[in-house]
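Architecture at a glance
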Amino acid sequence: MLGKGVVGGGGGTKAPKPSFVSYVRPEEIHTNEKEVTEKEVTLHLLPGEQLLCEASTVLKYVQEDSCQRGICGKLVCTDFKIAFLGDDESALDTDEIQFKNKVIGENDITLHSVDQIYGVFDEKKKTLFGQLKKYPEKLIIHCKDLRVFHFCLRYTKEEEVKRIVSGIIHHTLAPKLLKRLFLFSYATAVQNHTATDPKNHTVMFDTLEDWCWELERTKGSMKYKAVSVNEGYKVCERLPAYFVVPTPLSEENVSRFQGHGIPIWCWSCHNGCALLKMSALPKEQDDGILQIQKSFLDGIYRIIHRPPYEIVKTEDLSSNFLSLQDIQTAYCKFKQLFLIDNSTEFWDTDIKWFSLLESSSWLDIIRRCLKKAIEIIECLEAQNMNVLLLEENASDLCCLVSSLVQVMMDPHCRTRAGFQSLVQKEWIMGGHCFLDRCNHLRQSDKEEHQRHLSLPLTQSKSSPKRGFFREETDHLIKNLLGKRISKLINSSDELQDNFREFYEGWHSKPTDYHGLLLPHVEGPEIKVWAQRYLRWIPEAQILGGGTVATMSKLLEMMEEVQSLQEKIEERHHRQEALQAEAPSLLRNSARLSSLFPFALLQRHSSKPVLPISGWKALGDEEDLAKREDEFVDLGDV
């Protein structure tokens, strides 16, 4: 009965009032608590994971049903995740187990993915943080992956409510020490790392052999080499212990500026061209140091650009592409469209939903990222040119663009093990600042206010865009290298022409799913991922997509049309019955009504029904009032 009726508070301030109320008393629930617990799913803990607190007799509401239905179970909190253990998770078949997430389940929330926590007090929704004087009857958790969970605590014991709510708030929102993160407990518990075949397992890229294997796989070992100059992170903490550079580059040059200004290998194409990335040199004001930097960059340039054998094209992502501020603002607007409490709130915004989606600019950012990746692929594939990505630290947009290029060009990166290896290589070993970008430590109040953002804090007024040459004062390097670098950058018109020809040419051919794959980048083709973002709309959750959902809506419309047709036919039958019961006089003669055939026939009257204005207009004609009524024989009607 708990799983079908309404037990407790509604789904937020806008949710409709329940039409059915369960009269199961809390005492009855606690009496049957043992019976319910026997049906619950066992809590699966990872190595090093510890249970912190739990609460029984918790109702998990169904979001897409305006939170009017729910499932009874247990809510637990560990040092890694929040988990709901209900009795609705039956055993999965072999195919489902194969594709099931091995780390977290459907009702699991990792602590780092919690975006905001709300409590409902007397039907009023409030943000929860710090120590609470009063505990809510309902808990709402918004996640960074845009999931929303509702838990009713009305029938949970008071002491358990205090423990579970306080524990969740403390372990998700309170500042943390680095060593308290779960990854350290997990790493300690899993110390035995056995060697596996990199073809079928994730390559960690934490050894020199892993990088050499990747070079052999991509046929890049002839021009590039794996180096161990940063082993033990003695040169730079930003770079991995092992990485790949051009073969002519000496290890002395790698450590000269702590890894800055060094072309680092990302991936090699089948034709021998490579994708490289480089971080900017440190900002300096002294002309002598600038001269040294100029000489250093000049030497690096001669290594990577040796026409006609080696030609490189630069892509300055710091100045000629998106800014982190743009991405941060767009994502903040975008996610507000989906972090809602129930489907009722979503449909309230249905009229202006598409305009709100467009104004967020998030889909346009997605389109620009895909387009930039295809432009780079065109250089690698069609023009046989190396591409060098430039960024201040080469750890944000470089990771993004490089990953997109490899997913489109390398079929291995589209496998499960290959994609995991790609994330490990480009994002983990690539030095992306997950700790700062996601604010895992919740270190300051200012960061706490910005915890829902996955990007670094920035000023409201964006700073001047800086590219490969970081400051306007670096005039010496610009003057010496500006002309040379400009030769590597094609004009925008020529670039657009080459891109359009390459893009349309690929889409005009049959698709080879084991080769190059290019997505559509036209505006209407960039759509919202319905199964991820629109979880509360049942039609959006149908595997396989739009055709089935469209047919479902068409069937609903057909049922409605059929119902209306039946009502019309029923009304016609009633009219025919009334006509059959009419006096026999109507069968012999009758005067046609002015509303015929939309009204029943009427018996003749002494005077025609005409407006007075019509009489006056026909004043010179025969007096219509004296004219005999016309009769029509209805025998044949």
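All figures in this text were calculated on a predicted structure; none of them were measured in a lab.

Conventions and cut-offs
- Residues numbered from 1 in each chain as written.
- Predicted model: local features only at pLDDT ≥ 70, side-chain atom pairs only at ≥ 80, totals over all residues.
- Heavy atoms only, no water.
- Buried < 20%, exposed > 50% of the residue type's maximum accessible area, 1.4 Å probe, protein only.
- Helix = DSSP H or I, 4+ residues; strand = E, 2+ residues; numbered from the N terminus.
- Pairing = 2+ DSSP bridges.
- Contact = heavy atoms within 4.5 Å.
- Core = buried A, V, L, I, M, F, W, Y, C linked by side-chain atoms within 4.5 Å.
- Domains from an automatic or database assignment.
- Axes fitted to C-alpha atoms, helices over the stretch in contact; angles between N-to-C directions.
- UniProt positions renumbered as here; feature names shortened; annotations may be inferred.
- Parallel < 35°, antiparallel > 145°, perpendicular 65-115°, else oblique.
- Left-handed = near helix turned anticlockwise from the far one by under 90°.
- Nonpolar A, V, L, I, M, F, W, Y, C, P; charged D, E, K, R; others polar.
- 1 Å grid on protein atoms, 1.4 Å probe; cavity = no way out; pocket = protein on both sides within 12 Å on 5 of 7 lines; lining within 4 Å.
- Points joined across faces, edges and corners; volume = space filled by probe spheres on them.
- Expected span 1.5 Å × (residues − 1).
- Salt bridge = Lys/Arg side-chain N within 4 Å of Asp/Glu carboxyl O.
- Phe/Tyr/Trp six-rings, centres within 6.5 Å; stacked < 30°, edge-to-face > 60°.
- Lys NZ or Arg CZ within 6 Å of the ring centre and 35° of its normal.
- Patch = residues over 30% accessible without salt bridge, like charges linked within 9 Å, V, L, I, M, F, W, Y side chains within 5 Å.
- Areas by Shrake-Rupley, 256 points an atom, 1.4 Å probe, with all protein chains shown as cover.

All right, on to the pairing of strand E14 (residues 386-391) then. Burial of E14 is extensive: six of the six residues sit out of reach of the surface. In E14, alternate side chains face the same way, and those of Asn386, Leu388 and Leu390 on one face and Val387, Leu389 and Glu391 on the other are all buried. Bridge count between strand E12 (residues 274-279) and E14: five bridges; the pairing is parallel. Bridge pairing in E14 places Leu276 opposite Leu388.

Here the focus is the environment of Lys277. Structurally, Lys277 can be placed in strand E12. The exposure class assigned to Lys277 is buried, which follows from its relative accessible area of 9%. It is 5.3 Å that separates the C-alpha atoms of Lys277 and Ile264, two residues lying 13 residues apart in sequence. Residues within four places of Lys277 in sequence aside, it is in contact with Ile262, Pro263, Ile264, Cys266, Leu388, Leu389, Ala394, Cys398, Glu426 and Gly430.

Membership of the largest hydrophobic core comes to 57 residues, with the highest contact counts inside it found for Phe338 and Val405. With 11 residues, the top contributor of residues to this core is helix H12 (residues 362-381). Three or more residues apiece are contributed to this core by two domains, here domain 1 (51-88 + 102-183) and domain 2 (208-438). In this view, Phe338 contacts Leu146, Trp353, Val528, Tyr533, Leu534 and Trp536; residues no more than four positions away in its chain are not counted. Formed by 34 residues, the second largest nonpolar core is a distinct cluster that contains Phe205, Leu239, Ile262 and Leu297.

Across the sheet, eight strands lie side by side as E4-E3-E2-E1-E8-E7-E5-E6; this open sheet has antiparallel pairing. Each edge of the open sheet carries a strand with a single partner, namely strand E4 (108-110) and strand E6 (124-127). For this sheet, the mean angle separating the axes of adjacent strands, direction not counted, is 30°.

It is worth spelling out the UniProt feature "coiled-coil region" (unreviewed entry) in the protein chain at this point. UniProt records the feature "coiled-coil region" (unreviewed entry) at residues 551-581, using the numbering of this structure. Secondary structure across residues 551-581 divides into 97% helix and 0% strand, with the first and last C-alpha atoms of the span separated by 45 Å.

What follows is about the packing of helix H9 (residues 324-335) against helix H11 (residues 353-360). Running from N to C, H9 and H11 point in directions that differ by 160°, and their axes come no closer than 8 Å. Overall, the two elements H9 and H11 adopt an arrangement that is roughly antiparallel. The two elements H9 and H11 cross, and the hand of that crossing is left-handed. When H9 is examined against H11, the residues Ala330, Lys333 and Phe334 are found in contact with a partner set consisting of Leu357, Ser359 and Ser360. Residue composition of the contact of H9 with H11, by class: three nonpolar, two polar and one charged.

This part takes up empty space enclosed by the protein. A water-sized probe rolled over the atoms picks out the places where empty space is left. Taken as a whole, this structure holds seven cavities of 30 Å³ or more when the rule is applied. In this structure, the largest cavity encloses a volume near 180 Å³. For the largest cavity, the lining is made up of 20 residues, of which Leu239, Pro240, Ile264, Lys277 and Gly430 are closest to its centre. Contributing elements (two or more residues each) for the lining of the largest cavity: strand E11 (264-268), E12 and helix H14 (416-428). Here the lining of the largest cavity is composed, by residue class, of 11 nonpolar, five polar and four charged.

What follows covers H12. End to end, H12 covers 29 Å across 20 residues, agreeing with the expected 28 Å (1.5 Å per residue, within 8%). Among the 20 residues in H12, 15 count as buried, and that is most of the element.

Turning next to the side chain of Gln406. Structurally, Gln406 can be placed in helix H13 (residues 397-409). Each residue touching Gln406, except ones within four places of it in the same chain, is listed here: Cys266, Trp267, Cys413, Leu422, Lys425 and Glu426.

With that settled, consider the pairing of strand E1 (residues 51-61). Here is the key point about a regular strand: its side chains alternate between the two faces of the sheet. E1 sits mainly inside the fold: eight of its 11 residues count as buried. Strand direction decides the pairing type here: E1 and strand E2 (residues 70-78), joined by eight bridges, are antiparallel. Residue pairing for E2: Glu54 is matched across the bridge by Val76. As judged from the two bridges shared by E1 and strand E8 (residues 148-152), these two strands associate in the antiparallel manner. In the sheet register, Lys60 faces E8, and the bridge partner there is Phe151.

Moving on to the pattern of salt bridges. What the rule picks out here adds up to 21 salt bridges. Its salt-bridge partner being Lys81, residue Glu49 comes within 2.7 Å of it at the nearest N-O pair. Residue Glu49 is located in the loop between helix H2 (33-38) and E1, and its partner Lys81 is located in strand E3 (residues 81-86); the two are separated by 32 residues in the primary sequence. The buried category is assigned to Glu49, whose relative accessible area is 6%. What you see here is one network of salt bridges that share partners, running through Glu214, Arg217, Asp410, Lys425 and Glu426.

Another aspect to go through is the packing of aromatic side chains. A full pass over the atoms with the stated rule returns 15 aromatic pairs. When the ring of Phe182 is compared with that of Tyr186, the centres are 6.1 Å apart and the planes differ by 45°; the resulting orientation is tilted. Note that Phe182 and Tyr186 are positioned in helix H5 (residues 182-189) at a spacing of four residues, about one turn of the helix. By relative accessible area, which is 10% here, Phe182 ends up buried. Classification of Tyr186 as partly exposed rests on a relative accessible area of 35%. Arranged with centres 5.7 Å apart and planes meeting at 25°, the rings of Phe334 and Trp362 form a pair that is stacked. Of the two residues, Phe334 sits in helix H9 while Trp362 sits in helix H12, which places them 28 residues apart along the sequence. A relative accessible area of 1% means that Phe334 is categorised as buried. Taken together through their ring pairs, the aromatic side chains of Tyr331, Phe334, Phe338, Trp353, Phe354, Trp362 and Tyr533 make up a single cluster. Between Lys371 and the ring centre of Phe499, over which it is positioned, the NZ or CZ distance is 4.6 Å.

Next up on the list: a nonpolar patch on the surface. Judged by side-chain polarity, Phe419, Val423, Ile428 and Phe434 come together as a nonpolar surface patch covering roughly 310 Å² of accessible area. Along the polypeptide, Phe434 turns up in helix H15 (residues 434-437). Residue classification places Phe434 among the partly exposed residues on the basis of a relative accessible area of 31%.

That bond from Pro307 to Pro308 is cis: its omega, 0°, falls within 30 degrees of zero. By the secondary structure assignment, Pro308 is in the loop between helix H8 (287-304) and strand E13 (312-316). One non-glycine residue, Asn384, lies in positive phi territory at about 55°. You can see Asn384 is positioned in the loop between H12 and E14. We classify Asn384 as partly exposed; its relative accessible area is 47%. Even without a glycine there, the phi angle at Ala394 is positive, about 55°. What makes Ala394 buried here is its relative accessible area of 6%.

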